[in-house]
Amino acid sequence: MNYINIISIIFLFVVVAIGFVKKCNIGVLAIGSALILARMGGLSDSKVLAGFDAKLFITLVGVSFLFSVAQVNGTLELVAKKGIGLAGKRTYLVPIIIFLVSGILTIIGPGNIPVGNLMTVVAVTVAVSMGENPLLFALAAKVAANGFTLSPLTPPGVLMEKLGTEAGFTGFELPVMWNCIIWATILMIGFSIYYKIWKIKPADKKNTSLEVKEHLNKQQWITILGVLAMVVMVVGLDINVGLASFFAAAVLVILGVTDEKKALVKVPWGTLILICGVGVLMNVVIELGGLDLMSKGLLSIMTPKTAAPIIGVTSSILSFFSSTTGVVMPSMIPTVGPIVQSLGTGNAGFAELASVVITSSLSAAFSPASTGGGLILAAYMTASNSENKDQEQNKLFGQLFIIALVCVVANAILATIGIYGIIC
């Protein structure tokens, strides 16, 4: 009996486990493992290379580079700080404004990784200067960056569109985007209630940390116009977001609004290799029948009512130790297609289950062992003035892990009651 389909699944999870334990790029491991697995399964090199999506890579690089330009010349940071400054003396609004600014900056193109990095640091810095709990402010920034990241203009949104189209489905993009925004909003309400947002100390004459007197300079205004031009090209002229981003970035570089070399360094090359590398391995797994086996395994314990929570918990477990965009989406979204076809729920069913995969994964991403939670931990400890940092770090590590678990359970309940199927 040929067990190559089982071996291919084992390869996939072993690669993720090794990447987590050894703290190395899973994408690099995935490409190397794809070659070994292909040889074991009798696949040619061309089959392996077919899994590297050049169109996706160009799109991801284009969007990332454009917003690296905006980050290097300070446009993103200044816009974010000015947005937070809108709270004025109504300091209880600051976490809400952080949430909205983070979400808006994310949805126009950068995605959750650059905005999450930027806004988490800004949020923690603002919280420390106000003498408030940095965790609430950091969670507000991160949950918005994650929840608003499925826009058709962002790298995760582009990846979602590719995975869904390859599975044979249409019309799922906006429902998935709105479901993720709903998820973020529900969690933000929960965080606000738990941390008693209404008890944030009011501003006084000494508290001027929210005031941003710096004005946008000429280069930053040009950068904003460049980003807006990209949005118009994509939404109004139906131009590929990657090509439109490269065009806008090229014009900005010619106009000298940023340091091109610094902007290129800012591009998250490791993340791009992670996303495309896992895609290469997943293509080999699919060719060898591993995807069918995974889908049948999940179907064997599913009914139409239990499909959402089961696939949600599965995605959460994987996300506790890996990246949503780089690992969970390329690994789990392809399994949704066969499940939906077997359940007979069509495009709406695909949008619902894809939303559950993503929101469940993002819920677990608050884990300090995952990218999002790790960033919050790092930002918090950098801004902390505590004399006993080791003890505080261990305490925060435990808090973030509990937050991730609570969010996963809450999301499983939302999935079970069908909240993500309402607008699909």
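Nothing here was measured: the structure is a model prediction, and the numbers come from that model.

Colleague: Report on the pattern of salt bridges, specifying residues and quantitative values.
Modeller: Inspection of the entire model under this criterion finds five salt bridges. The structure contains a network of salt bridges with shared partners spanning Asp 53, Lys 162 and Glu 166.

Colleague: So what's going on with a nonpolar patch on the surface? Which residues, and what values?
Modeller: Residues Tyr 3, Ile 6, Ile 10, Val 14, Ile 18 and Leu 293 make up a contiguous nonpolar surface patch of roughly 490 Å² in combined accessible area. Sort the elements by how many residues they give to the nonpolar patch and helix α1 (residues 4–22) lands first, with four residues. Counting through the fold element by element, Leu 293 comes out in helix α15 (residues 290–299). Classification of Leu 293 by relative accessible area gives partly exposed; the value is 31%.

Colleague: Provide a residue-level description of the packing of aromatic side chains, including the pertinent values.
Modeller: Within this structure, the stated rule accounts for six aromatic pairs. Between Phe 52 and Phe 57 the ring centres are 5.6 Å apart and the planes differ by 45 degrees, which places this aromatic pair in the tilted class. By the ring-pair criterion, three or more aromatic residues cluster together here, those being Phe 169, Phe 172 and Phe 350.

Colleague: So what about the UniProt feature "domain: Dicarboxylate carrier MatC N-terminal" (unreviewed entry) in the chain? Which residues, and what values?
Modeller: According to UniProt, the "domain: Dicarboxylate carrier MatC N-terminal" (unreviewed entry) feature falls on residues 4–146. For residues 4–146, the end-to-end C-alpha separation is 36 Å, with 81% helix and 0% strand making up the annotated structure.

Colleague: Explain unusual backbone geometry to me, and be specific about the residues and the numbers.
Modeller: Across residues other than glycine, the phi torsion is negative in most instances, and most of the peptide bonds are trans. Notably, Lys 196 is not glycine yet its phi reads approximately 50 degrees, a positive angle. Mapped onto the secondary structure, Lys 196 falls in the loop between α10 (173–194) and α11 (218–235). Look at Lys 196 and you get partly exposed, because its relative accessible area is 37%. Phi at Asp 238 takes a positive value of approximately 60 degrees, unusual for a residue other than glycine. Mapped onto the fold, Asp 238 is located in the loop between α11 and α12 (241–254).

Colleague: I'd love a proper account of the nonpolar core, names of residues and values included.
Modeller: Ranked by size, the top nonpolar core spans 134 residues in total, and within it Phe 137, Met 160 and Phe 366 carry the most contacts. Residue contributions to this core peak at 10 residues, all from helix α8 (residues 134–147).

Colleague: Outline helix α9 (residues 155–166), supporting the account with residue identities and numerical values.
Modeller: Here α9 is 12 residues long and its end C-alpha atoms lie 17 Å apart, about the 16 Å a rise of 1.5 Å per residue gives. Among the 12 residues in α9, nine count as buried, and that is most of the element. Those residues of α9 lying buried are Pro 155, Pro 156, Gly 157, Val 158, Leu 159, Met 160, Lys 162, Leu 163 and Gly 164. Two residues or fewer past α9, Gly 168 is found with a positive phi of approximately 95 degrees.

Colleague: Tell me what's going on with the environment of Leu 60, and back it up with residues and numbers.
Modeller: Considering the arrangement of structural elements, one finds Leu 60 in helix α4 (residues 54–72). Residue class for Leu 60 comes out buried when judged on its relative accessible area of 0%. In sequence terms Leu 60 and Ile 310 are 250 residues apart; their C-alpha atoms lie 30 Å from each other. Not counting residues up to four positions away in its chain, the partners in contact with Leu 60 are Pro 155, Leu 272 and Ile 275.

Colleague: So, the side chain of Ser 319: which residues are in play, and what are the values?
Modeller: Structurally, the position occupied by Ser 319 is in helix α16 (residues 307–319). Separated by 2.6 Å, the side chain of Ser 319 and the backbone oxygen of Ser 361 make a polar contact. In this structure, Ser 319 is in contact with Thr 324, Val 328, Ser 361, Ala 364, Ala 365 and Ser 370, ignoring residues within four places of it in sequence.

Colleague: How would you sum up the packing of helix α6 (residues 94–107) against α8? Please name residues and give values.
Modeller: With their axes 7 Å apart at the nearest point, α6 and α8 run at an angle of 25 degrees to one another. Looking at the two axes, α6 sits roughly parallel to α8. Where α6 crosses over α8, the two elements pack in a sense that is right-handed. Between α6, through Val 94, Pro 95, Ile 98, Phe 99, Ser 102, Gly 103 and Thr 106, and α8, the contact on the second element is made entirely by Leu 136, Phe 137, Ala 140, Ala 141, Val 143, Ala 144 and Ala 145. In terms of residue class, the contact of α6 with α8 is built from 11 nonpolar, three polar and no charged.

Colleague: Now, about the side chain of Thr 149: what can you tell me, with residues and values included?
Modeller: Relative to the elements of secondary structure, Thr 149 occurs in the loop between α8 and α9. When sequence neighbours within four positions are dropped, the list of residues in contact with Thr 149 reads Thr 106, Gly 111, Asn 112, Thr 154, Pro 156 and Gly 157.

Colleague: Tell me what's going on with the state of the cysteines, and back it up with residues and numbers.
Modeller: Under the defined criterion, the tally for this structure stands at zero disulfides. Here Cys 24 is not cross-linked by a disulfide; its sulfur's nearest cysteine counterpart is in Cys 276, at 18 Å. Residue classification places Cys 24 among the partly exposed positions, given a relative accessible area of 32%.

Colleague: How would you sum up the confidence of the model for the chain? Please name residues and give values.
Modeller: Caution is warranted with low-pLDDT regions, since their predicted coordinates should not be read in detail. Overall, the prediction assigns the chain a mean pLDDT of 85, with 95% of residues at 70 or greater. Mean pLDDT across the elements of the chain ranges from a minimum in helix α19 (residues 371–383), with 73, to a maximum in α10, with 95.

Colleague: Just give me the short version of α4, but keep the residues and values in it.
Modeller: Taking 1.5 Å of rise per residue, 19 residues should cover 27 Å, and α4 covers 26 Å from first to last C-alpha, within 8% of that figure. Capping the start of α4, Asp 53 holds a side-chain oxygen 3.1 Å from the backbone nitrogen of Lys 55, two or three residues further along. Gly 74 sits one or two positions beyond α4 and adopts a positive phi of about 85 degrees.

Colleague: Now, about the environment of Phe 172: what can you tell me, with residues and values included?
Modeller: Along the polypeptide, Phe 172 turns up in the loop between α9 and α10. For the pair Phe 172 and Ile 104, spaced 68 residues apart in the sequence, the C-alpha separation amounts to 21 Å. Sequence-distant contacts of Phe 172, defined by excluding residues within four places in its chain, comprise Met 160, Glu 161, Gly 164, Thr 165, Phe 350 and Ala 351.

Thresholds, definitions, all that
For every chain, the first residue of the written sequence is number 1, and numbering continues from 1 along that sequence. This being a predicted model, a pLDDT of at least 70 is required before a residue's local features are given, and a value of 80 or more before pairs of side-chain atoms are given or counted; all residues contribute to the totals for chains, interfaces and linings. With hydrogens and water stripped out, all remaining heavy atoms of the structure feed into the side-chain values. Each reported salt bridge corresponds to a side-chain nitrogen of Lys or Arg within 4 Å of a carboxyl oxygen of Asp or Glu. In this analysis, a patch consists of residues with relative accessible area above 30% that form no salt bridge, clustered at 9 Å for like charges and at 5 Å for the nonpolar side chains Val, Leu, Ile, Met, Phe, Trp and Tyr. In these tables, accessible area is a Shrake-Rupley quantity obtained with a 1.4 Å probe, and a residue counts as shielded only by the protein chains included in the view. Elements are defined by DSSP. Helices are runs of H or I of four residues or more, strands are runs of E of two residues or more, and each kind is numbered from the N terminus. Summary of the burial criterion: residues with accessible area below 20% of their type's maximum are buried, those above 50% are exposed, and those between are partly exposed, where the area comes from a 1.4 Å probe applied to protein chains only. The pairing test for Phe, Tyr and Trp rings, Trp by its six-membered ring, is centres within 6.5 Å, and the orientation test on the planes gives stacked under 30 degrees, edge-to-face over 60, and tilted for anything in between. UniProt positions are given in the numbering used here, feature names are shortened, and annotations may be inferred rather than shown by experiment. We call a set of buried Ala, Val, Leu, Ile, Met, Phe, Trp, Tyr and Cys residues a nonpolar core when their side-chain atoms join them within 4.5 Å. In this analysis, the expected span of each helix is defined as 1.5 Å times one less than the number of residues it contains. We call two residues in contact whenever any of their non-hydrogen atoms come within 4.5 Å of each other. Two N or O atoms count as a polar contact when they lie within 3.5 Å, although within protein this holds only if one can serve as hydrogen donor and the other as acceptor, and sequence-adjacent residues are included solely when both atoms are side-chain atoms. A fitted line through C-alpha atoms represents every axis, and for helices the fit uses only the stretch in contact; the resulting angles, taken between N-to-C directions, go from 0 to 180 degrees. Orientation is classified from the angle alone, with under 35 degrees giving roughly parallel, over 145 giving roughly antiparallel, 65 to 115 giving roughly perpendicular, and any other angle giving oblique. For a crossing to be left-handed, the near helix must be turned anticlockwise from the far one by less than a right angle; the clockwise case is right-handed. Amino acids outside the nonpolar list (Ala, Val, Leu, Ile, Met, Phe, Trp, Tyr, Cys, Pro) and the charged list (Asp, Glu, Lys, Arg) are all regarded as polar, and Gly is one of them. In plain terms, two cysteine sulfur atoms within 2.5 Å form what is called a disulfide here. How sure the predictor is of each residue is captured by pLDDT, a score from 0 to 100.

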